[in-house]
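So the chains spell out like this:
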Amino acid sequence: MHLAHFPRLHLAHLPTPLEPMLRLSKELGIDLWIKRDDCTGLSTGGNKTRKLEFLMAEAETEGADMVITQGATQSNHARQTAAFAAKLGINCHVLLEDRTGYNNTNYNQNGNVLLDHLHGATTEKFPGGHDMVVEMERAAQKKRAEGNKVYVIPGGGSNPTGALGYVNCALELVGQANERGLRIDRIVHATGSSGTQAGLVTGLAAMNADIPLLGIGTRAPRAKQEQMVYDLASKTAAKLGCPGVVRREDVIANSDYVGEGYGLPTEAGIEAIRMFAELEGILLDPVYSAKGASGLIDLARKNEFEGQRVVFVHTGGAVGLFGYDFAFDHENRWVQV
Ligand SMILES: *Cc1c(COP(=O)(O)O)cnc(C)c1O
């Protein structure tokens, strides 16, 4: 496995820090660390930037002058793609699907949407339940007919090229742990379109790291999520020249923390946001990282990680907080002294 075989634009701020979370560790009774992939540098950071290093390099190799992608209204992937495109001087068009039905102004115009537009991307809105893959093809055909050289990036940047970014993260994380003599017993993170987990599991398997990985689901039920991750991991391993290296049993997702649906905040997620913010000064987002963290917190309280050193991969998304301000009651922080 040699990542330098693949075109890549070195634009992310890497390596991201690996830090202990002392107060949260004490609270949960485990040795909890955090891999700060919320600090990848591009337009407030996040996990899509690692994937885009490889995807955008491929777009450039193909001579693209426009990228098209899709996501939910408050898509962190859309925002990071828009920023990367701005940096490269290519156009970016984003199809945004309304997966929540929220019609308040901040959800639809603040947070990631504001940043999409600040980076110069154009956006197009779709009601929930559309076949966004078909819609992206339609948009790409139209833009090509107008003379643009279009490169289509799948939702979340999750294909074998994008997943290479998280193979790279696995190498980086294990490298940091080895340097410090830090034995990692478990890695936990939020999983969605599956590129993050697929890349991590492939990288860990290819280097025979023997560190169990747990994805906390944010949308699909467990069986579907695991199949998506396994399929993408298998393709990623083949692309890397180590086909078959990921075993089906290496792919573990837990979708018990999705709540009512994708993009709908949960009570446990809000509690996780408060705990990370108040105990560690770290911001999570209600759609992904908070649900991931809520799974981590609940499982820790149930002694699933007893005696273990756990690394939480923070996949970013805090900008989404400004689209979800309605989910937080903070009136009681106004006091008169
Ligand atoms: C996209 C995203 C995820 C999920 O990563 P996938 O590679 O899509 O599974 C997790 N957290 C945040 C903040 C994200 O934006």
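Coordinates for the structure precede this section.
A. Broad picture of the overall build of the protein chain. For the protein chain, the helix and strand inventory stands at 11 helices and 10 strands. Since a compact globule built from 337 residues should have a radius of gyration of about 20 Å, the 19 Å found for the protein chain is in line with a globular shape. Dimensions of the protein chain, computed from C-alpha atoms along their principal axes, come out at roughly 60 × 55 × 35 Å. Relative to its 337 residues, the protein chain shows a buried fraction of 58%.

B. Looking closely at the sheet that holds strand 7 (residues 186–191). Across the sheet, 6 strands lie side by side as 1-2-10-7-8-9; this open sheet has mixed pairing. Since the sheet does not close on itself, it has two edges, and those belong to strand 1 (18–20) and strand 9 (253–254), each with one partner. Where strand 7 and strand 8 (residues 213–217) come together, 5 bridges link them in parallel fashion. Note that in strand 8 the partner of threonine 191 across the bridge is glycine 217.

C. Here's a closer look at the sheet that holds strand 4 (residues 91–98). Spatially, the 4 strands line up as an open sheet ordered 5-4-3-6, and their pairing is parallel. At either end of the open sheet lies a strand with only one pairing partner, and these are strand 5 (122–127) and strand 6 (150–152). Averaged over all neighbouring strand pairs, the angle between strand axes comes to 25°, with direction disregarded. Relative to strand 5, strand 4 is paired through 6 bridges, and the arrangement is parallel. Across the sheet, leucine 96 pairs through a bridge with lysine 125, a residue of strand 5. Docked against the sheet, helix 6 (residues 132–145) engages strand 3 (66–72), strand 4, strand 5 and strand 6, running at close to 155° with respect to strand 3.

D. Structural context of the site of the ligand. For the ligand, the set of nearby residues contains 17 residues, the closest of which are Lys48, Lys51, Gly192, Ser193 and Thr315. In the model, an oxygen atom of the ligand is placed 3.4 Å from a nitrogen or oxygen of the glycine 195 main chain. Within the complex, 98% of the 380 Å² of free accessible area of the ligand lies under protein. Of all the secondary-structure elements, those providing two or more residues to the shell around the ligand are helix 2 (48–61), strand 7 and helix 8 (195–206).

E. Spotlight on the nonpolar core. With 29 residues, the main nonpolar core has Leu32, Phe276, Phe305 and Phe312 as its most contacted residues. Leucine 32 has contacts with Pro20, Met21, Leu24, Ser25, Leu296, Val310 and Phe312, leaving out every residue within four places of it along the chain.

So, how was this worked out
- Residues numbered from 1 in each chain as written.
- Predicted model: local features only at pLDDT ≥ 70, side-chain atom pairs only at ≥ 80, totals over all residues.
- Heavy atoms only, no water.
- Helix = DSSP H or I, 4+ residues; strand = E, 2+ residues; numbered from the N terminus.
- Rg over C-alpha atoms; globule rule 2.2 N^0.38 Å.
- Buried < 20%, exposed > 50% of the residue type's maximum accessible area, 1.4 Å probe, protein only.
- Pairing = 2+ DSSP bridges.
- Axes fitted to C-alpha atoms, helices over the stretch in contact; angles between N-to-C directions.
- Contact = heavy atoms within 4.5 Å.
- Near = heavy atom within 4 Å.
- Polar contact = N/O pair within 3.5 Å; in protein donor to acceptor, adjacent residues only side chain to side chain.
- Areas by Shrake-Rupley, 256 points an atom, 1.4 Å probe, with all protein chains shown as cover.
- Core = buried A, V, L, I, M, F, W, Y, C linked by side-chain atoms within 4.5 Å.

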